[in-house]
Amino acid sequence: MPIDILMPALSPTMEEGVLAKWHVKVGDVLKSGDVIAEIETDKATMEVEAVDEGEVLELLVAEGTQGVKVNAVIARIAGEDDASAAPAPAAPAAPVAPAAPVAPAAPATPATPAPATPAPVAAAPAAAHAGERIFASPLARRLAQGAGLDLAGISGTGPNGRIVKADVEAAMGRAPAAAPAATPVAPAAPAAPVAAAAPASAAPLPYAPGTYDVVPLDGMRRTIARRMTDSFRDVPHFPLVVDIEIDRLLELRKQLNAAAASQNVKVSVNDLVIKAAALACVRVPEANASYTPDGLLIHHNADIAVAVAIDGGLITPVIRAAQTKGLSAISREMVVLAEKAKSRKLMPEDYTGGTFSISNLGMMGIKSFASIINEPQGCILSVGAGEPRPVVKDGALAIATVMTVTLTCDHRVVDGAVGSRWLAAFKDLLENPVGLML
């Protein structure tokens, strides 16, 4: 029977995506592992590989289609069972039905041929059940054969009970077969998502036709709009603002870059901010937390999500366990993640699971701002530009390089006292940056 290829969920938050490009056409024969399509998620563009093998029968979603729901059917391929299913239509021809009308020609025994005719017809389904026709993907068959497993003893979790790779691996004791269980729900999904792809405008626009251009929303912009609206509406947030003198920090950065020039490493102010934020999370672990209905999650590591601007929006790749990494390691990792982000090649593990976020607009000359919390994280730090400002030192005016930062807190997780302690620790690390080296 034909095998449905479904729109995959390529990230934990993905609900729909854009089918950007097909790498196959009708009539192509797929092998397991072949790249069949490119899918744009809310975060990146990713290649999708074939799991099953067979000839491409239909491409049900056109290139460039937006709003394709996860688990919608996007293509169909012929499974190896289609070949064995082909002779089945010959079975109806086999019950020589025309011979039955000939039998009544002998009036003496009309009843005897009549039962004889249904007998072959009844035998056909029985033969189908008795045969060794087991629905399984070609890859599953090869794995089972190599492992010496009998497919008849394996329960299939694929569409219509089809045995797939994960079922064989489960039988071999290597992997659970629970994941594919979600697939049978897929056939009900395809029609709805495609039909709902073109929503009507909620209200007439107050602009004259021809006075504007419409830029369609891509998956990333739609997701940003939805998540930020939800966060701003649902999270009881408040900002805490502090000014930090960074002259010593800039001097340390200069020394570090001079010492590391031969290693092709250039530490940025942002790298120093990441390290300081991670160490501040260690000093005040209550701020490195997330809200859930079951309780607060106090994270063991400071996994710092750093906002990176890309075409169409922004994304937050994560520096894992940043409190354990040196400045050169953080610098190299940020360069790699930023390049992957801008080319939309980040994998889900690169941008999910952050515990604390940083958004830095200082390089764009923004003096101060407050960010929207990136749920389920409890805090996000907004970093402004460092600039010379008049300050009072020992009762006298002086000039110092000052940077304004704003900590936006989820009041369900972090109250004013905890947020203030975190900012105090962060400020101390930047104004006395030797602590970043310890």
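Here the structure is shown first, and the text comes after it.
Conventions used here
Residues numbered from 1 in each chain as written. Predicted model: local features only at pLDDT ≥ 70, side-chain atom pairs only at ≥ 80, totals over all residues. Heavy atoms only, no water. Pairing = 2+ DSSP bridges. Helix = DSSP H or I, 4+ residues; strand = E, 2+ residues; numbered from the N terminus. Salt bridge = Lys/Arg side-chain N within 4 Å of Asp/Glu carboxyl O. Buried < 20%, exposed > 50% of the residue type's maximum accessible area, 1.4 Å probe, protein only. Phe/Tyr/Trp six-rings, centres within 6.5 Å; stacked < 30°, edge-to-face > 60°. Lys NZ or Arg CZ within 6 Å of the ring centre and 35° of its normal.

Strands sit in the order 1-8-6-3 across an open sheet of four strands; the sheet is antiparallel. In this open sheet, the two edge strands, each paired with only one partner strand, are strand 1 (2-6) and strand 3 (29-30). For strand 3 and strand 6 (residues 54-59), the ladder comprises two bridges, and the chain directions are antiparallel. For Leu 30, the partnering residue across the bridge sits in strand 6 and is Gly 54.

Moving on, we come to the pattern of salt bridges. Side chains that carry opposite charge are capable of pairing whenever their charged atoms lie near each other. Under the counting rule described, the total for this entry stands at 15 salt bridges. Residue Arg 76 is joined to Glu 58 by a salt bridge in which the shortest nitrogen-to-oxygen separation is 3.4 Å. Of this pair, Arg 76 sits in strand 8 (residues 73-78) while Glu 58 sits in strand 6, placing them 18 residues apart in sequence. Assessed through its relative accessible area of 27%, Arg 76 is described here as partly exposed. Overall, the relative accessible area of 36% leaves Glu 58 in the partly exposed class. Of the charged contacts, one joins Lys 393 and Glu 245 as a salt bridge, the two residues approaching to 3.2 Å between their closest N and O atoms. Note that Lys 393 is positioned in strand 17 (residues 379-393) and Glu 245 in strand 9 (residues 237-245), a separation of 148 residues in sequence. Taking the relative accessible area as the measure of exposure, Lys 393 reaches 38% and is therefore partly exposed. On the basis of relative accessible area, Glu 245 is assigned to the partly exposed category, the value being 25%. A cluster of three or more residues bridged by salt bridges with shared partners is formed by Asp 4, Glu 58 and Arg 76.

A complete count under the given rule lists three aromatic pairs for this structure. Relative to Tyr 212, the ring of Tyr 207 lies with its centre 6.2 Å away and its plane at 70 degrees, an arrangement referred to as edge-to-face. Note on Tyr 207: relative accessible area 53%, which makes it exposed. Seen from their ring centres, Trp 422 and Phe 426 are 5.1 Å apart, and the 15 degrees between their planes marks the pair as stacked. Pair noted here: Trp 422 and Phe 426 are both in helix 14 (residues 416-431), with a separation of four residues, about one helical turn. By relative accessible area, which is 0% here, Trp 422 ends up buried. On the basis of relative accessible area, Phe 426 is assigned to the buried category, the value being 0%. Connected via pairs of aromatic rings, a cluster forms that spans Phe 356, Trp 422 and Phe 426. For Arg 412, the ring lying beneath its charged end belongs to Tyr 291, and the centroid distance is 4.1 Å.

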